Amino acid sequence: MDLIDEAAAAEHRQQEDCEAAAVDAALALLRRRLLCGSAATLLLPNSQTNRRKLLEALTNTIIQGCSTSMLLIGPRGCGKSLVLDQVLEALQKSYPERVSVVRLNGLLHANDRCAMKEIAKQMCMEHALTFSKGASFEENLHFLTCVVRECARSHRTMIFVLDEFDLFAQRSKQSLLYNLLDLMQSSSSQAALIGVSSRLDADQLLEKRVRSRFSHCKLLFLPPSTDDIFSLYDRLFLLPVNQCSHWQKFSEDFKEKASVVLQQGSVKQLVDEFMSMEVSGQRCVDLLFRALCELNPQSGHISPAQFKVASANLTPQPKLEILTDVSVLELCLLVAMYRLEAREVESYNFNTVFKEYKRLEEHNTCDVYSKQCALRAFEHLLERELIVFKDSSGLGNMLEVRPIKLLVSRHEIDKGLEGNISCPTILRQWRTHETIK
Ligand SMILES: Nc1ncnc2c1ncn2[C@@H]1O[C@H](COP(=O)(O)OP(=O)(O)OP(=O)(O)O)[C@@H](O)[C@H]1O
Ligand SMILES: [Mg+2]
């Protein structure tokens, strides 16, 4: 009997070890996916279309020898660099020896002279030539023209990538952009200029002579929708198939449970709120990574609580924390100010706010505070920077008459009222029903 028990316990232990190993392996794999850019292989729909268009345009340049220029525009973290890098990699694989890439960044190459120098430097490296450090802008431009022509003769395409394109466009004379685009007009060159920018009006910054040489071809990268993100998460949770039966069972289980979690209303709402603050592919990948870091190795499965912690970690909200422990009177004043702003009262001061607050007292459901007391609470709000004086005018005036403004949003006030345990119900109603007098 003892022997049988021992064997069963050993088998149980072995099973537990296998399960723990599967959790570890799955976590390591998912983290690697998220950190090493494997999310990139699962491009969101808009990025996929842009990838196809960019690949087509550059392939045309390589095959037909017609120069082109293009702008990739979209908010930060929306996959512009990701798509561009993928396309360049694919081209270099498909057409080895026929593509040369020169990369510049408006932040790094702070003026056109140093940008031109960098072009010459990268070209020298690519073609194993000696780089002359002391060459002037004109000399480097001449060198660039010669190299581009030589490349075109051997059917080699030069691709110039200008990241933070708008910064190049904000320089006086825009000489780098002018010379590059002018070079592309020539029939003896085979080149492409790809500008990348998070400014939607980047092409509007171009001077007339530069704009006339630009192709006006723009690829717009849209921020992902919540549905896009959920489908990305879904695909990321798909673990690879393996011979081991433990792993097989675990990976199927993991995917199934993750899908259930992703369909929960609370998780959808949380991701929605998270994305309403800042939408970018990168941020959503960060959110999932943080959620996975919170995963309990014992359970081995993702849960809504982990998303909640991840979102709270990624979006620290100091104002919300302050709001949860301000006094009831301070909350009343904030709501009074909120109501004034909702009614589009252009300018208000403490006296106006106190008058609005007095309306709440008429309901006889709140404690009554004197004006002196309210003024003290008002000062407290100023100290905590939940409100500020609108401008420095009336600096010498009494506190009560200086115009003020709120530094907390409607969303923060709502959350603050929700989280503050001493907040009376009437105050929440007063906030939501602007018609309650
Ligand atoms: N469309 C997408 N599909 C999959 N992952 C994405 C997507 N967009 C962004 N990401 C993730 O965000 C990371 C950062 O994206 P990327 O660097 O391409 O943004 P960007 O648009 O170039 O931003 P910036 O304007 O700041 O340079 C990517 O490495 C990837 O992990
Ligand atoms: Mg980028």
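Undergrad: Just checking my understanding: could you explain the overall build of the protein chain for this structure?
TA: Within the protein chain, the secondary structure is distributed over 19 helices and seven strands. Computed over its C-alpha atoms, the radius of gyration of the protein chain comes to 30 Å, more than 25% above the 22 Å expected for a compact globule of 437 residues. Here the C-alpha coordinates of the protein chain stretch approximately 90 × 90 × 35 Å along the principal axes. Across the protein chain, the fraction of contacts at a sequence separation of at least 24, relative to all contacts at a separation of at least 6, is 75%.

Undergrad: Hey, could you run me through the environment of Ile413 in this one?
TA: Note on placement: Ile413 falls in helix H18 (residues 410-419). A sequence separation of 75 residues divides Ile413 from Tyr338, and the C-alpha atoms of the two residues are 8.5 Å apart. The contact partners of Ile413, leaving out residues within four places of it in the chain, are Leu334, Val335, Tyr338, Val408 and Arg431.

Undergrad: Sorry if this is basic, but what is going on with the site of ligand 1 here?
TA: Near ligand 1 lie 19 residues; those nearest to it are Gly79, Ser81, Leu82, Gly281 and Gln282. Secondary structure elements with two or more residues in the shell around ligand 1: helix H3 (80-94) and helix H12 (281-293). Its residues assigned to classes, the shell around ligand 1 shows eight nonpolar, nine polar and two charged. The residue makeup of the shell around ligand 1 includes at least three contributed by each of domain 1 (2-40 + 225-316) and domain 2 (45-220).

Undergrad: Whenever I open this one, the sheet that holds strand S1 (residues 68-73) confuses me. Can you help?
TA: Backbone-to-backbone hydrogen bonds pair the strands of a sheet. The strands run either parallel or antiparallel. Strand order in the open sheet made by the five strands is S2-S3-S4-S1-S5, with parallel pairing throughout. The two strands at the open ends of the sheet, each matched to only one other strand, are strand S2 (99-105) and strand S5 (218-220). This sheet shows a mean twist of 15° between the axes of neighbouring strands, independent of strand direction. In terms of strand pairing, S2 meets strand S3 (residues 157-163) through seven bridges, oriented parallel. Among the inter-strand pairings, Val102 is bridged to a residue of S3, identified as Phe160.

Undergrad: What is the right way to read the environment of Ala374 from this model?
TA: By the secondary structure assignment, Ala374 is in helix H17 (residues 371-383). As for Ala374 and Phe350, which are separated by 24 residues in sequence, their C-alpha atoms are 9.0 Å apart. Those residues in contact with Ala374, other than ones at most four positions away along the chain, are Leu329, Leu333, Phe354, Tyr357 and Tyr369.

Undergrad: Can you walk me through the domain arrangement of the protein chain in this structure?
TA: Much of the literature gives interface size as the accessible area that the parts lose upon coming together. In terms of domain boundaries, the protein chain breaks down into domain 1 (2-40 + 225-316), domain 2 (45-220) and domain 3 (320-432). Between domain 2 and domain 3, the C-alpha centre-to-centre distance is 54 Å.

Undergrad: Hey, could you run me through the packing of helix H16 (residues 350-361) against H17 in this one?
TA: When two helices pack together, their arrangement is given by the angle between the helix axes and the distance between those axes. One can describe the packing of H16 onto H17 by two numbers: an axis separation of 11 Å at closest approach and a directional angle of 120°. Taken together, the axis directions place H16 and H17 in an arrangement best described as oblique. Note on packing geometry: the crossing formed by H16 with H17 is right-handed. Of the residues in H17, those touching H16 at Phe350, Phe354 and Tyr357 are Lys371, Ala374, Leu375 and Phe378.

Undergrad: I keep staring at the nonpolar core and nothing clicks. Help me out?
TA: Buried together is how nonpolar side chains tend to be arranged in soluble globular proteins. Ranked by internal contacts, the top residues of the largest apolar core, which has 49 residues, are Leu72, Phe160, Leu193 and Ile194. Of the residues forming this core, the biggest block, six residues, is contributed by helix H7 (residues 175-185).

Undergrad: Any chance you could explain unusual backbone geometry here in plain terms?
TA: Working note: non-glycine residues mostly have negative phi, and peptide bonds are mostly trans. The residue His155 is not glycine, and still its phi comes out positive at about 55°. Along the chain, His155 turns up in the loop between helix H5 (137-153) and S3. Residue His155 is classed as partly exposed on the basis of its 13 C-beta neighbours within 10 Å.

Undergrad: Sorry if this is basic, but what is going on with the pairing of S1 here?
TA: Most of S1 sits out of view: five of its six residues are buried. In this structure, S1 lies alongside strand S4 (residues 191-197), joined through six bridges in parallel fashion. For Leu72, the partnering residue across the bridge sits in S4 and is Val196. Looking at chain direction, S1 and S5 are connected through three bridges and run parallel. Pairing of Ile73 across the sheet is with Leu220, part of S5.

Undergrad: Looking at this structure, how should I read H3?
TA: Residues that lie three or four places apart on an α-helix share one face, since the helix turns once every 3.6 residues. Taking 1.5 Å of rise per residue, the 15 residues of H3 would be expected to cover 21 Å, and the 21 Å separating its terminal C-alpha atoms lies within 8% of that figure. All buried positions along H3 are accounted for by Lys80, Leu82, Val83, Leu84, Val87 and Leu91. The inward-facing, buried residues of H3 contact helix H2 (45-64), S1, S2, S3 and S4.

Conventions and cut-offs
Residues numbered from 1 in each chain as written. Chains lettered and ligands numbered in written order. Predicted model: local features only at pLDDT ≥ 70, side-chain atom pairs only at ≥ 80, totals over all residues. Helix = DSSP H or I, 4+ residues; strand = E, 2+ residues; numbered from the N terminus. Rg over C-alpha atoms; globule rule 2.2 N^0.38 Å. Contact = placed C-beta atoms within 7 Å. Near = placed C-beta within 6 Å. Nonpolar A, V, L, I, M, F, W, Y, C, P; charged D, E, K, R; others polar. Domains from an automatic or database assignment. Pairing = 2+ DSSP bridges. Axes fitted to C-alpha atoms, helices over the stretch in contact; angles between N-to-C directions. Parallel < 35°, antiparallel > 145°, perpendicular 65-115°, else oblique. Left-handed = near helix turned anticlockwise from the far one by under 90°. Core = buried A, V, L, I, M, F, W, Y, C linked by C-beta atoms within 7 Å. Buried ≥ 20, exposed ≤ 12 C-beta atoms within 10 Å, placed from the backbone. Expected span 1.5 Å × (residues − 1).

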